[in-house]
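# Geometric and topological summary
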Amino acid sequence: MKAAVCYEFGRPLIVEEVELDPPQWGEVRVRMVATSICHSDIHLLRGDWGRAVPVVAGHEAAGVVEEVGAGVNLVQPGNHVVVSLLRSCGRCYFCTTGSPHICEGEYALATEHRLRTRGGDPIHQGLYTGAFAEQIVVDQSQLVPIPKEVPLDSAALLGCGVITGFGAVVNTAKVPPHSSVVIIGVGGVGLNAVQGAVRAGAHPIIAVDLLDSKLEVARAFGATHALNAAGSTVAEAVRDLTSGRGADYVLVTVGSAAAFEQGLELTRRDGTLVLVGIPPINASVDLPVASLVLGTLGSRGPKRILGSSMGSTRLSADVPRLVDLYLQGGLKLDELITSRYPLAEINEAIEVVEQGEALRNVITFHGHE
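What comes next is a walk through the structure. Predicted, not measured: the structure shown is a model, and the values here were computed from it. Sequence positions are assigned chain by chain, starting from 1 and proceeding in written order. Note on the predicted model: pLDDT of at least 70 is required for a residue's local features to be given, and 80 or more for side-chain atom pairs to be given and counted; whole-chain, interface and lining totals, by contrast, use all residues. Water and hydrogen atoms play no part in the side-chain values, which are based on all heavy atoms of the structure.

## Description of the sheet that holds strand β2 (residues 14-20)
Which entries qualify depends on this criterion: Paired strands are those between which DSSP finds at least two bridges. Think of it this way: any DSSP run of H or I at least four residues long counts as a helix, any run of E at least two long counts as a strand, and we number them from the N terminus.
Judged by pairing direction, the sheet is mixed, and its five strands sit side by side in the order β1-β2-β7-β8-β4 without closing on themselves. The two strands at the open ends of the sheet, each matched to only one other strand, are β1 (2-5) and β4 (55-56). Where β4 and strand β8 (residues 122-125) come together, two bridges link them in parallel fashion. Following the sheet pairing, Val 56 is matched in β8 by Gln 125.

So, in structure tokens, the structure goes:
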């Protein structure tokens, strides 16, 4: 089979023949149909997170189950599935207390390799998945069966970007109806935060970005207002739209320290700032701690700051609900796809994403199922 392998960070991927070992206990082999390019993949391939090479990235995917290992009871061959990096053991403290997205269970695939070069050397599975390949082996908990009428290229987006943005609103922040919401950054994740805010009944829903083209798309996804972050009047405009107070909830969906600081400014007193985007490992900001606690120090305090990992998603519960919403016409997935590329053109697809010219580019395998 073929996979796009990274041998040196920052260099083009090499599409070559590789070997895949059979699935072991609790593992499943999946034939990929579609894998979306997420910015987390790009961070991995650029070496921002210091992971080992050679590595196959790709984690936002969908495909068809081909083979199951012993002990697998969640899927069976022939199932159409969404593939995610999220794994859950169902037994650890976090799984049993409602937070399976931060499972602390142990998995063979964390230390063992199923993917190898033709010469037998191990290849790392990026973000626990390695889905820039024609086939993958993952833990069964990373898979969610879906109806066959759902196009797999659209379903792939449910593996990360959709659940991260949508879930940040409905799971992490638990935004109540009629709340004012600001979303900083309306790329793939931010647009799904907009969709989550619409579903939550928020108003106004204010999109903030540097690109007018993305702001226009955000309106189509349900944003009631759109502000270009390059302007010096964003904070003033948000206050005008929120009775002078600032937003009840601000979600920062880009991995930028400057965006965090801007989000803090746009959040009202006693409001909530939700950090969704992943900044570089060494990113930091000066945090005025006292002003976040004491309400007597002006508009900056007190406030709540939440981190949202993967939208606090319960994969086996949330993905089926989102699929139902999509089938009812209440969730946009098809509209998130900018272009589709074959595996041989993956470097071009990544370059377009890095240039900010795409919401989601999708690598397709074997045609559409």
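## Considerations on the pattern of salt bridges
Applied cut-off: Whenever a carboxyl oxygen of Asp or Glu lies within 4 Å of a side-chain nitrogen of Lys or Arg, that contact is scored as a salt bridge. Using a 1.4 Å probe on the protein chains alone, a residue whose accessible area is under 20% of its type maximum counts as buried, one over 50% counts as exposed, and one in between counts as partly exposed.
Applying the stated criterion across every chain yields a total of 14 salt bridges. Arg 314 serves as the salt-bridge partner of Asp 318, at 3.6 Å between the closest nitrogen and oxygen. Residue Asp 318 is classed as buried on the basis of its relative accessible area, which comes to 9%. Connected through salt bridges with shared partners, the residues Glu 27, Glu 112 and Arg 114 form a single ionic network.

## Some details on the side chain of His 101
For clarity, the threshold we go by: Any pair of residues with heavy atoms lying within 4.5 Å of one another is described as a contacting pair.
Within the fold, His 101 resides in the loop between α2 (93-96) and β7 (115-117). Setting aside its immediate chain neighbours within four residues, His 101 contacts Leu 86, Ser 309, Ser 312 and Thr 313.

## Concerning the packing of helix α4 (residues 161-173) against helix α5 (residues 188-200)
Our working definition: In this analysis, axes come from line fits to C-alpha atoms, helices being fitted only over the stretch in contact, and the angle between any two N-to-C directions falls in the range 0 to 180 degrees. For classification purposes, an angle smaller than 35 degrees is called roughly parallel, one larger than 145 roughly antiparallel, one from 65 to 115 roughly perpendicular, and anything else oblique. Put simply, a crossing is left-handed when the front helix is turned counterclockwise from the back one by less than a right angle, and right-handed when it is turned clockwise. Residues are grouped as follows: nonpolar covers Ala, Val, Leu, Ile, Met, Phe, Trp, Tyr, Cys and Pro; charged covers Asp, Glu, Lys and Arg; every other residue, Gly included, is treated as polar.
Between α4 and α5, the shortest axis-to-axis distance is 7 Å and the interhelical angle comes to 40°. The pairing of α4 with α5 is recorded here as oblique in orientation. The interaxial crossing formed by α4 with α5 has right-handed handedness. In contact with Gly 161, Val 162, Thr 164, Gly 165, Phe 166, Val 169 and Val 170 of α4, α5 contributes Gly 188, Val 189, Asn 192, Ala 193, Gln 195, Gly 196, Ala 197, Arg 199 and Ala 200. Taken together, the residues of the contact of α4 with α5 break down into eight nonpolar, seven polar and one charged.

## Considering a negative patch on the surface
The test is simple: Patch membership requires more than 30% relative accessible area and the absence of a salt bridge. Residues of like charge join within 9 Å; the nonpolar side chains Val, Leu, Ile, Met, Phe, Trp and Tyr join within 5 Å. With residues, only the protein chains shown are counted as cover, and all accessible areas are computed by Shrake-Rupley using a 1.4 Å probe. Under this rule, positive means Lys or Arg and negative means Asp or Glu; His and the chain ends count for nothing. Taken as the charge centre is NZ of Lys, CZ of Arg, CG of Asp or CD of Glu, depending on the residue.
Residues Glu 345, Glu 348, Glu 351 and Glu 357 make up a contiguous surface patch of negative charge. By the secondary structure assignment, Glu 357 is in the loop between α11 (346-354) and β18 (360-364).

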